[in-house]
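Each chain, letter by letter, is given below.
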Amino acid sequence: MNILITGGAGYIGSHTCIELLSSGHHIIVVDDLSNSNEMSLERVKELTGRDFIFEKIDIADKKKLEKIFMEQRIDAVIHFAGLKAVGESVAVPLRYYHNNITGSLVLFNLMEKYGVRNLVFSSSATVYGANNQMPLTEEMTLSATNPYGKTKLYIEEILRDLSAANSNWSIALLRYFNPVGAHSSGLIGEDPSGIPNNLIPYVTQVAIGKREYLSVFGSDYETKDGTGVRDYIHVVDLAKGHLKALEEVTRSKGIGAYNLGTGKGYSVLDIVRVFEKIIGRKIPYQLAERRPGDLAVSYADCSKAQIKLNWAAKKDLEEMCRDSWNWQVKNPEGYINQKVGIN
Ligand code: NAD
Ligand code: UFG
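The shown structure was predicted, so the numbers you read here are calculated from the model rather than taken from an experiment.

(A) Structural context of the site of ligand 1. Near ligand 1 lie 26 residues; those nearest to it are Asp31, Asn35, Ser36, Phe80 and Lys84. Ile59 has a polar backbone atom sitting 3.0 Å from a nitrogen atom of ligand 1. Listing elements by their share of the shell around ligand 1, those giving two or more residues are α1 (11-22), β5 (118-124) and α6 (147-165). In terms of residue count, β5 provides more of the shell around ligand 1 than any other element does, 3 residues in total. Among the residues forming the shell around ligand 1, the class breakdown is 11 nonpolar, 10 polar and 5 charged.

Below, the structure is given as structure tokens:
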């Protein structure tokens, strides 16, 4: 198939590009590089031995995006492009609404106009809000408390309306839990700019000596050790989930939401211990206040993805942490100033 990938230079997008190319698909990547580096795509080419078109485009730029729809035959779209920092979204909500929602509307309009109605969308576990029982299942109540989460929820709603209005659309809403890890080569991985917001990149930066210690946000939650529990999923397992979702959208019409996680919850201190085992020394940490907006516990029921997509995550927490560490060691400054083909 010919697949348009928005946000394909990013963390999850670049890993998904590898899986798609390795399975024989053709891809066209658009990304404005607002949170990524073109080097990730060079590495994708290097790892797969496959070439593809890349256009540096903001998806909200209708003229430029339309040129792609006019010039390329596209069978399906995987839509990763979006801004994702929760705290930043609270500070600059209009930027988030414009980028994520306007950008998506431009894309969906062009898909409608050019008759491309197969879509896989990057949603998030954040759409479940704070009031559900664990594990989270797809039919539970949806809500969002911050502008980032709202953009995911609103785009899901837009797509449900679109599907209701035109039964030719075929849409998979993939609700990711906590993607971590990196490609086993250590050539591509997560490259946060500035101080990492997320746990694993922060821990790897402490482990390599870039940061002094980890602040553990909250030690009085009702969890086994008082720290927050999440469903971490290896990014390569997640990437493979996109191929399965693509198969589903091309074989049936309608819209479906799928949790992509492992179904297992691990605490912040579990993560610290696994990293300590991998690197063979202590990770300095300090117990700190809860981070505003954080849930105590979040983990998925993934049985729907298993049954309907024939997908299940395979990699365990140790492999996730080992691959994150391998990426960190091989790319201490991320993609910045690196040439293709490190070492
Ligand atoms: P990322 O920032 O690494 O990738 C997103 C990519 O989209 C980046 O390369 C960025 O440059 C690009 N982009 C942003 N706005 C764009 C625009 N207007 N036009 C073109 N390109 C644009 O993030 P990621 O972790 O790979 O996440 C991919 C998707 O998955 C996002 O939509 C994110 O919200 C969603 N998601 C991520 C997580 C997570 O924890 N990583 C969890 C749930 C959902
Ligand atoms: N944590 C720390 N210290 C840190 C960073 C995180 O203790 O320096 C803790 C958090 O409090 C939480 C756990 O580690 O208990 C995981 O935090 P992350 O920031 O890695 O992940 P979140 O679950 O908070 O956030 C993720 C995505 C968001 C998404 C959210 C809800 O990054 O985009 O899941 O789905 F909105």
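There is more to say, and it comes next.
(B) Main features of the pattern of salt bridges. For the structure on display, the rule yields 23 salt bridges. Between Asp270 and Arg273 there is a salt bridge, and its shortest N-O distance comes to 3.6 Å. Separated by 3 residues within a single helix, Asp270 and Arg273 lie in helix α9 (residues 268-279), roughly one turn from each other. The class for Arg273 is partly exposed, based on a relative accessible area of 46%. For Arg322, the salt bridge goes to Glu318, with nearest N and O atoms at 2.7 Å. You can see Arg322 and its partner Glu318 sitting in helix α11 (residues 317-330), 4 residues apart, about one turn around the helix.

(C) Looking closely at the sheet that holds strand β9 (residues 229-230). Within the open sheet, the 3 strands sit side by side as β12-β9-β14. Their pairing is mixed. Every other strand in the sheet has two partners, leaving β12 (266-267) and β14 (297-298) as the edge strands with one partner each. When β9 meets β12, the two strands line up antiparallel, connected through 2 bridges. Across the sheet, Arg230 pairs through a bridge with Tyr266, a residue of β12.

(D) Quick look at the packing of α1 against helix α8 (residues 235-251). Orientation of α1 relative to α8, taken along the N-to-C sense of each, is 60°, at an axis distance of 8 Å. On the basis of the axis angle, α1 is oblique to α8. Both α1 and α8 take part in a crossing whose hand is right-handed. For the pair α1 and α8, the contacting residues are Tyr11, Ile12, His15, Thr16, Glu19 and Leu20 in the first and Val235, Val236, Leu238, Ala239, Lys240, His242, Leu243 and Leu246 in the second.

(E) Geometry of the pairing of strand β3 (residues 53-56). Taken together, the 4 bridges between strand β2 (residues 26-31) and β3 define a ladder with parallel strand orientation. Following the sheet pairing, Ile28 is matched in β3 by Ile53. Each parallel crossover has a hand, and for β2 linked through helix α2 (residues 39-48) to β3 it is right-handed.

Calculation rules
Residues numbered from 1 in each chain as written. Chains lettered and ligands numbered in written order. Predicted model: local features only at pLDDT ≥ 70, side-chain atom pairs only at ≥ 80, totals over all residues. Heavy atoms only, no water. Near = heavy atom within 4 Å. Polar contact = N/O pair within 3.5 Å; in protein donor to acceptor, adjacent residues only side chain to side chain. Helix = DSSP H or I, 4+ residues; strand = E, 2+ residues; numbered from the N terminus. Nonpolar A, V, L, I, M, F, W, Y, C, P; charged D, E, K, R; others polar. Salt bridge = Lys/Arg side-chain N within 4 Å of Asp/Glu carboxyl O. Buried < 20%, exposed > 50% of the residue type's maximum accessible area, 1.4 Å probe, protein only. Pairing = 2+ DSSP bridges. Axes fitted to C-alpha atoms, helices over the stretch in contact; angles between N-to-C directions. Parallel < 35°, antiparallel > 145°, perpendicular 65-115°, else oblique. Left-handed = near helix turned anticlockwise from the far one by under 90°. Contact = heavy atoms within 4.5 Å. Right-handed = clockwise from strand over helix to strand, strands pointing away.

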